[in-house]
Structure formats: C-alpha cells, structure tokens
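A look at the structure
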Amino acid sequence: MYRSHNCGELRASHINNEVTLAGWVQKSRDKGFIVWVDLRDRYGITQLVFDEERTPKTMMEKAQKLGREFVIQVTGTVIERASKNPNIPTGDIEILVSKLTILNDALLPPFTIEDKTDGGEDIRMKYRYLDIRRNPVKNSLIFRHKVTQEVRNYLSKEGFIEVETPYLIKSTPEGARDFVVPSRMNKGEFYALPQSPQTFKQLLMVGGMDKYFQIVKCFRDEDLRADRQPEFTQIDCEMAFVEQEDILNAFEGLTRHLLKEVNGVTIDKFPRMLYDDAMRLYGNDKPDIRFGMQFGELNEVAQHKDFGVFNNAELVVGIAVPGGNSYTRKEIDKLIDWVKRPQVGALGMVYCRCNDDGSYKSSVDKFYDQDDLAKWAEVTGAKPGDLICVLSGDKNKVRAQLSALRMELAERLGLRKPNEFAPLWVIDFPLLEWDEETERYHAMHHPFTSPKPGQLELLETNPGDVKANAYDLVLNGNEIGGGSIRIHDKKTQSLMFDYLGFTPEEAKAQFGFLMDAFQYGAPPHGGLAFGLDRLVAILGGQETIRDFIAFPKNNSGRDVMIDAPAPIDDEQLEELSLKLNLKS
Ligand code: ASP
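Described below are features of the structure shown in this document. (Residues numbered from 1 in each chain as written. Predicted model: local features only at pLDDT ≥ 70, side-chain atom pairs only at ≥ 80, totals over all residues. Heavy atoms only, no water.)

1. What to know about the state of the cysteines
A covalent bond between the sulfur atoms of two cysteines is what we call a disulfide. Applying the stated criterion to the full structure yields zero disulfides. Between C352, a cysteine without a disulfide, and C354, which holds the nearest cysteine sulfur, the sulfur-to-sulfur distance is 4.9 Å. Residue C354 is classed as buried on the basis of its relative accessible area of 2%. (Disulfide = S-S within 2.5 Å. Buried < 20%, exposed > 50% of the residue type's maximum accessible area, 1.4 Å probe, protein only.)

2. Some words on the packing of helix α4 (residues 135-157) against helix α6 (residues 244-263)
Following both chains from N to C, one finds α4 and α6 inclined at 135 degrees, their axes separated by 10 Å at the closest point. With respect to each other, α4 and α6 are oriented oblique. The element α4 and its partner α6 pack so that their crossing is right-handed. In this structure, α4 contributes F143, K146, V147, E150, V151, Y154 and L155 to the contact, and α6 contributes A250, F251, G253, L254, H257, L258, E261 and V262. Split into classes, the residues belonging to the contact of α4 with α6 amount to ten nonpolar, two polar and three charged. (Axes fitted to C-alpha atoms, helices over the stretch in contact; angles between N-to-C directions. Helix = DSSP H or I, 4+ residues; strand = E, 2+ residues; numbered from the N terminus. Parallel < 35°, antiparallel > 145°, perpendicular 65-115°, else oblique. Left-handed = near helix turned anticlockwise from the far one by under 90°. Contact = heavy atoms within 4.5 Å. Nonpolar A, V, L, I, M, F, W, Y, C, P; charged D, E, K, R; others polar.)

3. Some remarks on the pairing of strand β22 (residues 525-531)
Counted residue by residue, β22 has six buried out of seven residues, so it is predominantly covered. Examined bridge by bridge, strand β10 (residues 231-240) and β22 share seven bridges and lie antiparallel to one another. Residue pairing for β22: M239 is matched across the bridge by G526. Bridge count between strand β21 (residues 478-485) and β22: five bridges; the pairing is antiparallel. In the strand pairing of β22, G483 is matched with L528. (Pairing = 2+ DSSP bridges.)

4. Quick word on the site of the ligand
Of all residues adjacent to the ligand, which total 14 residues, the nearest are E174, Q198, K201, H445 and R486. A distance of 3.2 Å is found between a nitrogen atom of the ligand and a side-chain nitrogen or oxygen belonging to S196. In the environment of the ligand, an oxygen atom lies 2.8 Å from a nitrogen or oxygen atom belonging to the side chain of H445. Taking 270 Å² as the accessible area of the ligand by itself, protein coverage stands at 92%. With three residues, the single largest contributor to the shell around the ligand is β22. The class makeup of the residues in the shell around the ligand is two nonpolar, eight polar and four charged. (Near = heavy atom within 4 Å. Polar contact = N/O pair within 3.5 Å; in protein donor to acceptor, adjacent residues only side chain to side chain. Areas by Shrake-Rupley, 256 points an atom, 1.4 Å probe, with all protein chains shown as cover.)

This is the structure we're talking about:
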C-alpha cells in the first residue's frame, strides 16, 4: 500500500492516527534542528516534520537532502501543529515522520510549481507534465472532467446514445483544410481526418439511431488564429424526427443543466435573436449581451448635411459609451488610433460628447448642429455623460469595426464579467455566404443545411437572401455551438451541391454515399455541435482554451513537448510510396 490517505484529507480529527502518504516535495524548510517539508499530491498539501529530538539522525540527514519535486513516501503520526495555517485545509496538523522512503529523485524543475509560476508559456508547454502539477492547470482539467461528466449524464438521461465514428475517413466540408493520412495498404490514397463527424451522424439517423451524441476530436488544418487548436473537441449531437424548435429546446436544456450544475447559475428561457438583428444591433453574429451599447444606425439623421465622409458611406453607425464624456481629448485620440490599427481597419472615427447640461460637442460641429446631434443621441441611446463613437463606410466592414470597438470598450469598462452568463440563440442564418476571393457563394454552415421552407426558388434570383434552418448558441460573445436542420432528400441535396459549384461527378465522388443513403428512407433530422474546449473555458470564467486542454499545441500547430510534427525516415516514406518535394 503506497498511501493510506491523500495529502488533502487529514484534519484535527485524525490526530494520533498513524498514516502513510506519498507525493511530491513542494518545498522544505531546514532550520538545522528541525525540517519541515510540504508534501503535495493532486488533493492538497500536508506538512511533514522531522526534528532532532524525535527523528533518528540518519533519517534527519535524509530529510535534509530532499529536493523540490522528489517523490517520497512517508509513514508517521498525525500531530497537532504548534502554529496552525488557516489558509490550507490540512493546516491544523502535521505528520511526525517515522519512516521516509525516496521513491524517485527529481531534477530541479525549470519553473516553479506554484500557482503564480515564473515560467513563461513556451517553457511550460515543453514541460507540460510539470505544468499540470500546478493548481490552475490541474483544476482546469478537473473542471473539464466535471463538465463532460454532466454532459454525459444529461444526454444519457434524455435518451441520447453515445456512438463513436471513425477518424480515418474522407473529406468533410466544414470549411477548413483537411489533415490527411497516407494509406500504406492503398498506395497513393489518403484518408482525411474528420473536420467533424457530420456525415456519419447523418448516416446514424438513416440507421435509426434517432438521438446521438459523441464527445469527439475534430481536426482542422487552418491558420491558427488566436486561441484555436488544430485538434479540438466537440459535443456532437444529432436527432431524427425533429424540427428546429425541438433541437433548440433539447440543447438549451443541456446548456441550462451545465450552468446550473457547474456554475450554480439558473437561467430561464434563452433569448432568440435573428441573424439580421444581431448584425444590425451588434455588428456580429455572436453578440455579447451581458451589456448594452447597441448600435444605432445613423444614415437617416446624418446624411442630410455636407459631410462627404458620411454621405458617401453605405452605413453610418454609432454606439454610446457609458460615462465616455469623461475621456480626455488624448484618450479619445488614442481610441481613434485604436480603430485605425490594421487589425480593426477603420479609416477614422467621429465622436460626440454628451455633456451633463444636455448640450453636445462633436468632432464634426462644422456640419452638424445641436438638433442633429440630439438625434444621434436618441438613435444610439446616449445619455448626458456618454460619448457617441461613430464609424462609417462599407456596411459589412463598418459593422465588424464597430463591433470590435464595442467589445474593446466593454472590456476596458469591466462590463464583460466572467461570472455572469448571457446565453442566446442566433437563428435564421443566411444559407450562403459570398466569398470575395473565389468570387463564389459558399455554404455558410455546411452544404447539408436545409433552406427555410419555400426559399429554394430564391436561390435562382437572390442567393444571398436565402435563409437557412441554421442556428448558433452564443454565450458571452462566443459561439459555443452551431447546427442546422439538414436536407434529407437526394433531389434537394443534389441541387444544393449544384448551386455550390460541384459538378454532378464531384458531388457523387465526395458525397455519393450520403445521397445514396437518402434514397433508403432517410428521416427528417438535424443537430448541432458544441465546441467543448471553449464551452469549458467560458464556464470556467476564462477566455483562453489552452489551460483546459492537457496537451495543447502552440500557434504554429506544434506540440513542443513531444516535438511534433516531425520528419519520418526514408524507409517509412518508401513504405507509403511517398516522395518529398520540399521547396525551401
Ligand atoms: N458539423 C457542424 C460543425 O462542426 C455542426 C452541425 O451542423 O451539427 O460545425
């Protein structure tokens, strides 16, 4: 038996008990005649004591040599501490050690194993196994376990079956590049790793498994924007014989359950917002509704004067910054510089101070009088003491820019409180999205998404206006889930592939199996997938997913601990019939 107790459980009630503990040396304090050692394991820290009077000399010497992170086992008696430590649960007691075994020594760790470590991100990733010993990472992993456990409990109780789907498959169109795997047995052919189990879960519906879920790895080879991972986890779900309403209710239930069980937060019905309204009011399809600062479109009240910048703009739109009139001129100039950064890309910003006496002072007073500015205030909801920030230009661009400014200001004003939760559904997404680069329409969600009833004809005339049976679940300004009601007949699916620019041959080669299946009695179905990493991070009150992943990759998609990806040797290349053609 390595241990009778763990390092977090002994209390005053255990005094005089003989116990055996095992763990890591967090630190030791050697006063010469007395040595204290903090022994740590997953559960906590227990203080060990060795002293000249009660500890044999050889053991005393051994204790004095213990280094940080040595793995030891001790047997001893629980005694009352002379000076108690109210900051830790085991702070009333210590162990007077009678037997000390060094199970393994340890090199000095390259960073301190403390909550606030001196190790930077890179070194912590290289020695991730040491990082995992630290409370913040350890607790995040335990938290993730709790969330996945609750997901499984809830969905199982609701009659969902967890089914595994294969990883060695062929392309699934979720809009990213595939990771591919060469096949030794089928020379010159490749598997693709799933970007999601999308087609398989639809086939499970054809197979009659009417309520499916899976906590599953997905793989997308895309440029890693901040806080994305090339492999990530979804809670993937699908249901048959359902309409959009059934799906929204089912997964609102799951989310409500998680918020309740994990965060102790009770939330009633989740609000629903049309995609068009989200874009109009927040400039964004994943609005953070923990705070206001809704957009006010100003075209009508700002395009009647001689200000060419506004007159030539497709959209003039503003937000009211609460208390923003207190900003100095210098602070406002900094804000203007902020929106002009290339990452945001605005050409400039017009502002209007709302003075406490009800008067206005704007950066365009030359063109607009007090009555005009009062209208701006009315449209943006600005009150005396606020600052109105106005951007103008191309509709889509300007919305994205003002949305970035809104989030930035909210962050600065402390309005994005991590322990406040504001979920909502964004519904009625467009079916298609115009891609500037390829000058073509792409499926906004994926090509299996069904258009709203009666809208199929619009595809011919106004493809961009067709709405889909597609929805996203948004939490605190993040998309945590998304899905759709699917097409379930071959004719519509072929039509869709056709609109998306697939030739019938391409469609057959890539997705023939799905369209074949649709001919054998496919039930109406739909589903969604949650991004588990992000969901866990948000429930955990964090914005970054890395600490909730045991072994994450860095921004270049590398695992710096195991040093992957890595070259393979010639023999292996030969076996796979592959030849490298590297251009430096
Ligand atoms: N497969 C989709 C995704 O990964 C989710 C869904 O439509 O169910 O975003």
